[in-house]
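Each chain, letter by letter, is given below.
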Amino acid sequence: MKNENHNLIKVAYNWFVTIICLVFFTSCENKRDALGADNEIRVICSEIDKAHIQQYLKEIFIDTLYTPEPEPFYHLKFSAPETFSELKSQSQVVVATIDEETNSSGYRLIRKLLPEKDFNSMRVSNPVLISQNIYAKKQLFMIINANSIEQLISTIDEKRNGIRKLFREHFIKRQHPFLFNDHMNESIQDSLIEKFGWDIRVPWGWEIIKIKQDSNFVWLGKEMPFQWIGIGWESGNLVNDELSAGNHIWNWMQVNYGTVRINNYKFKLDKTEFKSGLAWRAQGIWETIDLKDSKGGPFKSYMFYDDKNDKTYHLNYLIHHPGKDKSIFMRQMDMIIKTFKILDK
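Residues numbered from 1 in each chain as written. Predicted model: local features only at pLDDT ≥ 70, side-chain atom pairs only at ≥ 80, totals over all residues. Heavy atoms only, no water.

## Here we look at the overall build of the protein chain
Argument step 1. Along the protein chain, the regular secondary structure elements total ten helices and 16 strands.
Argument step 2. Along the first, second and third principal axes, the C-alpha set of the protein chain runs to 70 × 40 × 35 Å.
Argument step 3. Among the 345 residues that make up the protein chain, the fraction classed as buried is 50%.
Argument step 4. Considering only residue pairs separated by 6 or more positions, the protein chain has 64% of its internal contacts joining residues 24 or more positions apart.
Argument step 5. Surface accessibility of the protein chain: about 17700 Å² in total, with carbon and sulfur atoms responsible for 49%.
Argument step 6. Once the 45 positive and 44 negative side-chain charges of the protein chain are each reduced to a mean point, those two points are 2 Å apart. (Helix = DSSP H or I, 4+ residues; strand = E, 2+ residues; numbered from the N terminus. Buried < 20%, exposed > 50% of the residue type's maximum accessible area, 1.4 Å probe, protein only. Contact = heavy atoms within 4.5 Å. Areas by Shrake-Rupley, 256 points an atom, 1.4 Å probe, with all protein chains shown as cover. Lys, Arg positive; Asp, Glu negative; His and termini not counted. Charge placed at Lys NZ, Arg CZ, Asp CG, Glu CD.)

## Thoughts on the side chain of Gln227
Argument step 1. Position of Gln227 among the secondary structure elements: in strand 11 (residues 226–235).
Argument step 2. Look at Gln227 and you get buried, because its relative accessible area is 3%.
Argument step 3. A polar side-chain atom of Gln227 sits 3.2 Å from the main-chain carbonyl oxygen of Pro225.
Argument step 4. Those residues in contact with Gln227 that sit more than four places away from it in its chain are Trp206, Leu220, Gly221, Lys222, Leu318, Ile319, Phe329 and Met333. (Polar contact = N/O pair within 3.5 Å; in protein donor to acceptor, adjacent residues only side chain to side chain.)

## Observations concerning the layout of surface pockets
Argument step 1. As a volume, the largest pocket reaches approximately 1400 Å³.
Argument step 2. Surrounding the largest pocket, 38 residues form its lining, Asp63, Arg168, Arg281, Lys300 and Lys338 being those nearest its centre.
Argument step 3. Of all elements in the fold, only strand 2 (64–66), helix 7 (156–179), strand 12 (260–274), strand 13 (277–288), strand 14 (296–306) and helix 10 (327–337) reach the threshold of two or more residues within the lining of the largest pocket.
Argument step 4. In terms of residue count, helix 7 provides more of the lining of the largest pocket than any other element does, eight residues in total.
Argument step 5. Of the residues belonging to the lining of the largest pocket, the class tally is 16 nonpolar, seven polar and 15 charged.
Argument step 6. Of the volumes computed, that of the second largest pocket is approximately 540 Å³. (1 Å grid on protein atoms, 1.4 Å probe; cavity = no way out; pocket = protein on both sides within 12 Å on 5 of 7 lines; lining within 4 Å. Points joined across faces, edges and corners; volume = space filled by probe spheres on them. Nonpolar A, V, L, I, M, F, W, Y, C, P; charged D, E, K, R; others polar.)

## A closer look at the pattern of salt bridges
Argument step 1. Under the criterion given, the structure shown has ten salt bridges.
Argument step 2. Note that Asp63 and Arg164 form a salt bridge whose closest N and O atoms lie 2.8 Å from each other. Of the two residues, Asp63 is situated in the loop between helix 2 (50–60) and strand 2 and Arg164 in helix 7; the sequence distance between them amounts to 101 residues.
Argument step 3. By relative accessible area, which is 22% here, Asp63 ends up partly exposed.
Argument step 4. A salt bridge links Arg111 to Glu116; the shortest N-O distance between them is 2.5 Å. (Salt bridge = Lys/Arg side-chain N within 4 Å of Asp/Glu carboxyl O.)

## A short note on the sheet that holds strand 4 (residues 75–79)
Argument step 1. Overall, mixed pairing links the five strands, which are arranged 4-1-5-7-6 in an open sheet. Either end of the sheet is taken by a strand with one partner, and the two such strands are strand 4 and strand 6 (128–132). Ignoring strand direction, the axes of neighbouring strands in this sheet form an average angle of 20°.
Argument step 2. Here strand 1 (residues 40–44) pairs with strand 5 (residues 92–97) via three bridges, running parallel. Considered in strand 5, the bridge of Ile44 is made with Val95.
Argument step 3. Running over the sheet, helix 4 (residues 105–113) touches strand 1, strand 5 and strand 7 (140–145) and is turned about 110° from strand 5.
Argument step 4. Across the sheet, helix 5 (residues 116–124) touches strand 5, strand 6 and strand 7, and the angle it forms with strand 7 is around 65°. (Pairing = 2+ DSSP bridges. Axes fitted to C-alpha atoms, helices over the stretch in contact; angles between N-to-C directions.)

## Comments concerning the packing of helix 4 against helix 5
Argument step 1. At a minimum axis distance of 8 Å, the contact between helix 4 and helix 5 shows a crossing angle of 125°. With respect to helix 5, the element helix 4 is oriented oblique. Across the interface between the two elements, Tyr107, Ile110 and Arg111 from helix 4 touch Glu116, Phe119 and Arg123 from helix 5.
Argument step 2. Considered class by class, the residues forming the contact of helix 4 with helix 5 number three nonpolar, no polar and three charged. (Parallel < 35°, antiparallel > 145°, perpendicular 65-115°, else oblique.)

As structure tokens, this is what we get:
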């Protein structure tokens, strides 16, 4: 993975330097922040290439949130090459061509963007390049320049994880100043540190819904849209095996929130990296117990054991936002959850 990302960035950096020196000699100070939603990728290509480029990008960006309807992390927005000058400052841009027709507007656009040497080498070896901040600050800029659909498709397995990692890091970089700015809810944060000896960054707009000290549970909430974060802990190691962790997570929501439970649709439990160790990660769909007030949506949980204080922690978040995109809010809550840390006594 590290070699894959290193090679991808190294080639992109060489291309980036060439572009800056030969075409876009503009100081960073003159660039504005990139525009557009962080769950949209602006794809600029000719109509003749659209179907193949769409196929490739959907194979790369496979992350999907089930709400329960599938919602992709990224929406692909296609535009014609003639709109490039209007759209080149979007936050996530892909300019692509895979046809060899010199009268194609997508082909001609990439010929203008790339020096002859780089244009030809991409068609022989590496048809995908990514760089940052070409036309705007906080921007990812990707070029696809393939000699055939077969050449492009053959790179999917090699490049998928590296490209997804770059886009994931880009999302965090753009969202971080928005979430964790000067208007943090420090009073809540300080009170949690004092009472429980652990810390979590609490952005503006989040409030404490309930604290159950007798059952070691803290419930945070935010409206517009409706979002919850729950933090629980118990003595001992409850995550020795998948069955124990799964049973604990499955029952935890109803025990602590009282009104909701997990639906088995698309439920998934696996191990993942969390902070400096490993955790059980569960994700799927939650639903209300009372069918008269039927609600539901996606959730995610992390459960891990801290051997220093012999406690198992469960960090959970969920959202109810019917009929509207939820992935950005879920990814924001994931960023909040990952600020959680246990303080030294």
